[in-house]
Amino acid sequence: MSLETIIIQLAVGLLKSIAIFALTLIGSLPLGLFVAFGRMSKWAPLKGLAPAGSGRLRKGLAGFRPLQTLVKLYISLMRGTPLMLQLMVVYFGPYYLFKIPIGQNYRFTAVIIGFVLNYAAYFAEIYRSGIESMPVGQYEAASVLGYSRPQTFFKIILPQVIKRILPSITNEVITLVKDTSLAFAISYSEMFTLARKISSSQSTLVPFVVAGIFYYLFNLIMAYVMERAEKSLGYFR
Amino acid sequence: MNVLELTNIRKSFGSLEVLRGITVTVAKGEVVAIIGPSGSGKSTLLRCATLLETVDEGEINYLGDYVVRTSPEGRVQYSSPADLKRIRRYFGLVFQNFNLFPHYSVIKNVIDPLIHVQKRDKEEAYADARALLSKMGLADKADSYPYQLSGGQQQRVSIVRALAMKPEVLFFDEPTSALDPELTGEVLKVIRSLTEEHMTMVIVTHEMQFAQHVADKVYFMDDGLVVEQGTPDEVFGKPQEERTRRFLERYAPTAP
Ligand SMILES: Nc1ncnc2c1ncn2[C@@H]1O[C@H](COP(=O)(O)OP(=O)(O)OP(=O)(O)O)[C@@H](O)[C@H]1O
Ligand SMILES: [Mg+2]
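Below, the structure is looked at part by part. (Residues numbered from 1 in each chain as written. Chains lettered and ligands numbered in written order. Predicted model: local features only at pLDDT ≥ 70, side-chain atom pairs only at ≥ 80, totals over all residues. Heavy atoms only, no water.)

## Quick look at the overall build of chain A
- Within chain A, the secondary structure is distributed over nine helices and zero strands.
- The linear arrangement of helices and strands in chain A, starting from the amino end, is α-α-α-α-α-α-α-α-α.
- In terms of overall size, chain A is more extended than a compact globule, its C-alpha atoms giving a radius of gyration of 23 Å where 237 residues would be expected to give roughly 18 Å.
- The principal-axis extent of the C-alpha atoms belonging to chain A is close to 75 × 50 × 25 Å. (Helix = DSSP H or I, 4+ residues; strand = E, 2+ residues; numbered from the N terminus. Rg over C-alpha atoms; globule rule 2.2 N^0.38 Å.)

## A word on the overall build of chain B
- Regarding its fold elements, chain B presents nine helices and 11 strands.
- Rg of the C-alpha trace for chain B: 18 Å, near the compact-globule value of 18 Å for 256 residues, within the 12% margin.
- Across its three principal directions, the C-alpha atoms of chain B cover 50 × 45 × 35 Å.
- Looking at chain B as a whole, 55% of its 256 residues qualify as buried.
- Sequence separation of at least 24 residues holds for 64% of the intrachain contacts in chain B that already meet a minimum separation of 6.
- Accessible surface, chain B: about 11200 Å² in total, of which carbon and sulfur atoms supply 46%. (Buried < 20%, exposed > 50% of the residue type's maximum accessible area, 1.4 Å probe, protein only. Contact = heavy atoms within 4.5 Å. Areas by Shrake-Rupley, 256 points an atom, 1.4 Å probe, with all protein chains shown as cover.)

## Considerations on the sheet that holds strand β2 (residues 16-27) of chain B
Residues and elements named next belong to chain B.
- The strand order across the open sheet formed by five strands is β2-β1-β4-β5-β6, and the pairing between neighbours is antiparallel. At either end of the open sheet lies a strand with only one pairing partner, and these are β2 and β6 (76-78). Between one strand axis and the next, the sheet turns through 15° on average, direction left out of account.
- Where strand β1 (residues 2-13) lies against strand β4 (residues 57-62), five bridges are found, and the strand directions are antiparallel. Note on β4: the bridge partner recorded for E5 is N61.
- Across the sheet, helix α2 (residues 81-88) touches β4, β5 (65-70) and β6, and the angle it forms with β5 is around 125°. (Pairing = 2+ DSSP bridges. Axes fitted to C-alpha atoms, helices over the stretch in contact; angles between N-to-C directions.)

## Some points on the site of ligand 1
Residues and elements named next belong to chain B.
- With respect to spatial proximity, 13 residues lie near ligand 1, and among them S38, G39, K42, S43 and T44 are the closest.
- The side chain of S38 places a nitrogen or oxygen atom 2.5 Å from an oxygen atom of ligand 1.
- Contact with the protein chains hides 60% of the accessible area of ligand 1, taken as 640 Å² for the molecule alone.
- Of all the elements in the fold, those that place two or more residues in the shell around ligand 1 are β2 and α1 (42-49).
- Residue composition of the shell around ligand 1, grouped by class: four nonpolar, seven polar and two charged. (Near = heavy atom within 4 Å. Polar contact = N/O pair within 3.5 Å; in protein donor to acceptor, adjacent residues only side chain to side chain. Nonpolar A, V, L, I, M, F, W, Y, C, P; charged D, E, K, R; others polar.)

## So, the pattern of salt bridges
- Enumeration over the complete set of coordinates arrives at 23 salt bridges over all chains.
- For the salt bridge of D112 of chain B with K155 of chain A, the shortest nitrogen-to-oxygen distance reads 3.2 Å. Highlighted residues: D112 of chain B in helix α3 (residues 106-116) and K155 of chain A in helix α7 (residues 149-179), drawn from two different chains.
- In this structure, a network of salt bridges that share partners links the residues R79, E125, R128 and E132 of chain A. (Salt bridge = Lys/Arg side-chain N within 4 Å of Asp/Glu carboxyl O.)

## Quick notes on the interface of chain A and chain B
- Counting residues at the interface gives 18 residues for chain A and 23 residues for chain B.
- Regarding the contact of chain A and chain B, the summed buried area is about 2000 Å², with carbon and sulfur atoms giving 60% of it.
- Here chain A and chain B share two salt bridges between them.
- At the surface where chain A touches chain B, the tally comes to 10 residue pairs in polar contact (both at pLDDT 80 or more).
- Broken down by secondary-structure element, the contributors of at least two residues to the side of chain A that touches chain B are α6 (136-145) and α7 of chain A.
- Along the lines of polarity and charge, the residues of the side of chain A that touches chain B split into nine nonpolar, six polar and three charged. (Buried area = accessible area lost by both parts, 1.4 Å probe.)

As structure tokens, this is what we get:
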């Protein structure tokens with residue numbers, strides 16, 4: 001197989017890698033914000049249970065925050081287990097657990113679901129750290145000026161949070177470019193899966209070298225885009 | 001007519017009683033100074049009045065519009081969120097550390113709440129904001145961002161932001177404490193100019209001479225209580241209470 005053919009075949013794979021990358025960001029950046037809200041939720045439906053001076057059990061129950069607990073568990077599972085394994089669970093799970101037959105189209109859907117769920121967990125923690133680092137005076141000024149809570153969050157807090165967390169988002173974006181290769185775990189034919197296939201059938205390492213170059217260029221572009229984004233928020237401090 | 005009545009306000013943080021039954025009234029056009037040692041509860045009182053904290057007991061009303069009442073049985077009842085939203089328009093607050101919005105330019109800091117909270121006409125909001133900024137000597141800073149300004153300029157912007165909302169009463173919590181000494185003058189001058197327009201103000205300050213000169217009424221707070229109140233001449237000139245005298249000796253050795 002000529003170098004040209006390899007490059008053309010891998011370029012097709014690259015488009016699929018880019019699709020995974022883009023859809024993952026489109027899904028997980030907003031989802032992560034909702035997850036962060038859940039993680040910071042102080043909702044405690046049993047709060048009324050513990051009047052002053054009640055016992056330890058009642059105090060424990062009264063302090064129980066179901067939404068926060070659930071979201072914490074979700075985040076720790078997503079961050080504590082390999083993404084590859086999560087992809088396999090999403091892909092094979094419906095069949096093994098519920099005997100739902102897996103269609104051919106589901107492979108790509110499973111990749112996206114797995115990536116979005118995983119990255120939303122990481123983004124949620126980044127959002128949370130940014131939101132919690134905001135000085136309380138910003139909320140107080142907004143409150144005294146009469147801004148509603150949604151206005152305060154979306155107009156006053158979020159733009160400042162985005163500026164603060166952009167460097168961490170950049171890290172995740174760079175990691176995601178490389179992580180798209182994990183879709184090989186469920187044989188989705190993105191660039192890395194193709195490179196492996198061509199390499200073993202033709203006994204050559206050239207496809208890996210080409211794929212490596214493609215990943216590197218992809219990341220150079222993303223690093224540039226993120227740098228521009230950071231610069232565009234440089235007008236305030 | 002009283003713009004503000006705080007009656008028998010009590011507030012604790014855990015077991016720490018910070019306000020132990022405070023009554024303060026502010027008449028229209030009056031300038032009230034609140035002085036007292038660190039930790040006496042001055043900020044907490046302003047925060048209760050501006051709805052940043054809730055009280056444990058007592059009553060607050062602006063122009064007869066109740067924020068909170070306490071029933072004879074001691075049940076504290078805040079007004080509905082819709083009422084509180086309306087009542088918020090009666091007051092403004094100038095913070096010690098300005099709390100400007102860093103991602104908004106000076107003019108945007110001022111007009112954004114006018115347009116998005118008060119739903120005022122955009123052109124009119126801009127015109128008002130520009131007029132106020134020039135009056136405070138900030139006309140050329142309209143398009144700057146807060147980080148490009150000195151502390152004194154930032155504080156003047158935050159005063160403009162509060163004034164533009166046309167509050168009935170303006171609170172100041174140590175408006176010059178975060179400033180370098182050479183910048184306090186310009187901020188105090190701005191506040192003094194507001195007294196000439198009969199702006200109703202409640203000023204917590206450690207600037208004793210300033211309080212003495214601009215205030216119509218002075219409250220001396222210590223340990224969660226109003227220990228002494230009166231005209232500046234009474235409180236600074238012939239304080240009746242030992243605690244007031246000791247405080248004034250410590251904080252304002254130059255005061256008569
Ligand atoms: N949110 C809070 N939680 C617990 N304690 C608090 C809180 N806010 C204030 N306090 C305590 O309440 C007391 C009064 O504080 P406050 O800030 O009202 O004093 P102050 O008179 O404004 O003092 P300063 O002149 O230093 O500003 C202090 O002992 C302070 O530590
Ligand atoms: Mg204070």
